[in-house]
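# Structure at a glance
Letter by letter, the chains look like this.
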Amino acid sequence: MGKKIMVVDDAAVIRLMLKDILESHQFEVVGECSNGQDAIEKFKALKPDIVTMDIIMPNMDGVQALEEILKFDKNAKVIMVTALDQREFLMKAIRLGAADFIVKPFEDARVIAAIQRVARQI
Amino acid sequence: MVHSNKTINAIQMIARLIIDEASRAFSKMIRQGVSIEMQNAYFDDISNVTAKICNEYNEYKGSVGAIVDLTGDVKLKFLFMTDLSTAQILTDLLLRRQTGTTKEYDINVESTVQEIGNVLSCIVANMLVNDFQISMTPSVPVVLRDFAGTIFAEFIRDVADERQEALVVESRFLLSNQKMKCHMFIMPVGESEQILQYLTFS
């Protein structure tokens, strides 16, 4: 059964890439956002099963957005997407309760493996 | 300022390490073999560097660049720059489309340059963070579409206020079956040049 995914990244081309990868594996992309603030609002409205969350974004970064989303729903499943192991941010996200992480540049298989692993926890 | 050969050699070697890593990540990103070659790492008068960049690029077609500020113990500015037609090819490669599909500058082209700037600048930051145990955080890339000289002037603006000379790490990107004119520049800001020299010899 395909899960509902929300993709958060400030780069339109990365949102498009992730959407293509996810939809080709029967996942439904229910929403896209380009910053952390929008992600919080859309998460509340759309209630996706899984969120892919870029870390470095304008207005509000992905780690702050993760924290706010988990305040709203402590069971939220958020996969952090980070450029080449930005460990400081990643460790903070893991301590806050991120479900998994994907390192950019990513391969399709790595994205799908992370989504499937998190989907099994739901 | 006179720079010793030892300083220049050390900076060139660090730059080569960064560029090798960037080459691997860039190949993975666009799913094609890319080699990024270091053309030079040098100190030069800012006006000479600007003139060289203007000559390298066709100013009639325009260019696209992503500028990233790396802040922390050492402050660097990073620029990834390419001409408009190469940016369109990179967009097609990233989206796995046949090259030539993207015919004009749009949000996908802009964000392709943004993302390449993001990934490459993170490599620079990671290498310095891991090897020298210093803190460094990249900003969100700022994408500019303009003449190459104007983009480069924006890139060196902070440095140009302080002094006449800049350290420039210059590189060229070669795709196996396509000639790509891309450049990557790394420039220390403020006292960071001295800190980098100290780290290199410590």
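The following paragraphs examine the structure supplied in this document. In this text, all values refer to a predicted model and were calculated from it rather than measured experimentally.

### Description of the packing of helix 3 (residues 84–94) of chain B against helix 4 (residues 107–132) of chain B
Residues and elements named next belong to chain B. Put simply, helix 3 and helix 4 touch, their axes get as near as 9 Å, and they point 85° apart. By the criterion of interaxial angle, the relationship of helix 3 to helix 4 is roughly perpendicular. Of the residues in helix 4, those touching helix 3 at Ala87, Gln88, Leu90, Thr91 and Leu94 are Asn108, Val109, Thr112, Val113 and Ile116. When its residues are assigned to classes, the contact of helix 3 with helix 4 shows 6 nonpolar, 4 polar and no charged.

### A word on the interface of chain B and chain A
Tallying the contact residues gives 23 residues for chain B and 21 residues for chain A. For chain B, the biggest contributors to the area lost against chain A are Lys28, Glu115 and Val140 of chain B; these three give 24% of the whole. At the junction of chain B and chain A, the tally comes to 2 salt bridges. With a closest N to O distance of 2.6 Å, lysine 104 of chain A and glutamate 115 of chain B form a salt bridge. Counting across the chain B and chain A interface gives 5 residue pairs in polar contact (both at pLDDT 80 or more). Elements that contribute at least two residues to the side of chain B that touches chain A include exactly helix 1 (5–30), helix 4 and strand 4 (136–138) of chain B. With 11 residues, the top contributor of residues to the side of chain B that touches chain A is helix 4 of chain B.

### Looking at the pattern of salt bridges
In total, this model carries 13 salt bridges over all chains according to the counting rule given. Salt-bridge contacts for aspartate 9 of chain A lead to lysine 104 of chain A; the nearest nitrogen and oxygen are separated by 3.3 Å. Placement of the pair is aspartate 9 of chain A in the loop between strand 1 (4–8) and helix 1 (12–23) and lysine 104 of chain A in strand 5 (residues 100–104), with a sequence separation of 95 residues. Judged by relative accessible area, which is 2%, lysine 104 of chain A ranks as buried. Shared partners join several salt bridges into a network, and the residues in it are Asp9, Asp54 and Lys104 of chain A together with Glu115 of chain B.

### Here's the deal with the packing of helix 1 of chain A against helix 4 of chain B
Packed helix pairs are characterised by how far apart their axes lie and by the angle those axes make with each other. Helix 4 of chain B packs onto helix 1 of chain A with a crossing angle of 100° between their chain directions and a minimal axis gap of 6 Å. Our classification of the angle between helix 1 of chain A and helix 4 of chain B gives roughly perpendicular. Here helix 1 of chain A contributes Ala12, Val13, Ile14 and Leu16 of chain A to the contact with helix 4 of chain B, which in turn contributes Ile107, Asn108, Ser111, Thr112 and Glu115 of chain B.

### Structural notes on the packing of aromatic side chains
Residues and elements named next belong to chain B. The full count for this structure, using the stated rule, is 4 aromatic pairs over all chains. For the ring pair phenylalanine 152 and phenylalanine 185, a centre distance of 5.2 Å and an interplane angle of 65° mean the geometry is edge-to-face. One end of the pair, phenylalanine 152, is in helix 5 (residues 148–155); the other, phenylalanine 185, is in strand 7 (residues 178–188), and 33 residues separate them in sequence. On the basis of an interplanar angle of 50° and a centroid distance of 6.3 Å, the ring pair of phenylalanine 155 and phenylalanine 185 is categorised as tilted. Highlighted residues: phenylalanine 155 in helix 5 and phenylalanine 185 in strand 7, separated in sequence by 30 residues. A residue is classified by how much of its surface remains accessible, and phenylalanine 155, at 0% relative accessible area, is buried. By relative accessible area, which is 0% here, phenylalanine 185 ends up buried. By the ring-pair criterion, three or more aromatic residues cluster together here, those being Phe152, Phe155 and Phe185.

### Concerning the sheet that holds strand 5 of chain A
Pairing in this open sheet of 5 strands is parallel, and the strands run 2-1-3-4-5 (chain A) from one edge to the other. At either end of the open sheet lies a strand with only one pairing partner, and these are strand 2 (28–33) and strand 5 of chain A. Here the strands of the sheet are splayed against their neighbours by 20° on average, with no regard to which way each runs. Two elements, strand 3 (residues 50–54) of chain A and strand 4 (residues 77–83) of chain A, share 5 bridges in a ladder whose sense is parallel. By the bridge assignment for strand 4 of chain A, methionine 53 of chain A is matched with methionine 80 of chain A. Those strands touched by helix 4 of chain B are strand 4 and strand 5 of chain A, and its axis lies near 75° from that of strand 4 of chain A.

### What about unusual backbone geometry?
Cis geometry is found at the peptide bond from lysine 104 of chain A to proline 105 of chain A, where omega equals 0°. Mapping proline 105 of chain A onto the fold places it in the loop between strand 5 and helix 5 (108–119). Unusually for a residue other than glycine, asparagine 59 of chain A sits at a positive phi of about 70°. Here asparagine 59 of chain A shows up in the loop between strand 3 and helix 3 (62–72). Of note in the backbone geometry, arginine 96 of chain B takes a positive phi value of approximately 60° without being a glycine. Residue placement: arginine 96 of chain B occurs in the loop between helix 3 and helix 4.

### Remarks on helix 4 (residues 87–96) of chain A
Restricting attention to buried positions, one finds in helix 4 of chain A the residues Phe89, Leu90 and Ala93 of chain A. Each buried residue of helix 4 of chain A sits inside an arc of 95° when the element is viewed along its axis, so together they form one side. Residues of helix 4 of chain A that are exposed and angled more than 90 degrees away from the buried face: Arg87, Glu88 and Arg95 of chain A. Here the buried face of helix 4 of chain A lies against helix 3, strand 4 and strand 5 of chain A together with strand 4 of chain B. Immediately downstream of helix 4 of chain A, the backbone of glycine 97 of chain A shows phi near 125°, a positive value.

The rules behind these values
Residues numbered from 1 in each chain as written. Chains lettered and ligands numbered in written order. Predicted model: local features only at pLDDT ≥ 70, side-chain atom pairs only at ≥ 80, totals over all residues. Heavy atoms only, no water. Axes fitted to C-alpha atoms, helices over the stretch in contact; angles between N-to-C directions. Helix = DSSP H or I, 4+ residues; strand = E, 2+ residues; numbered from the N terminus. Parallel < 35°, antiparallel > 145°, perpendicular 65-115°, else oblique. Contact = heavy atoms within 4.5 Å. Nonpolar A, V, L, I, M, F, W, Y, C, P; charged D, E, K, R; others polar. Buried area = accessible area lost by both parts, 1.4 Å probe. Salt bridge = Lys/Arg side-chain N within 4 Å of Asp/Glu carboxyl O. Polar contact = N/O pair within 3.5 Å; in protein donor to acceptor, adjacent residues only side chain to side chain. Buried < 20%, exposed > 50% of the residue type's maximum accessible area, 1.4 Å probe, protein only. Phe/Tyr/Trp six-rings, centres within 6.5 Å; stacked < 30°, edge-to-face > 60°. Pairing = 2+ DSSP bridges. Arc of directions from axis to C-beta.

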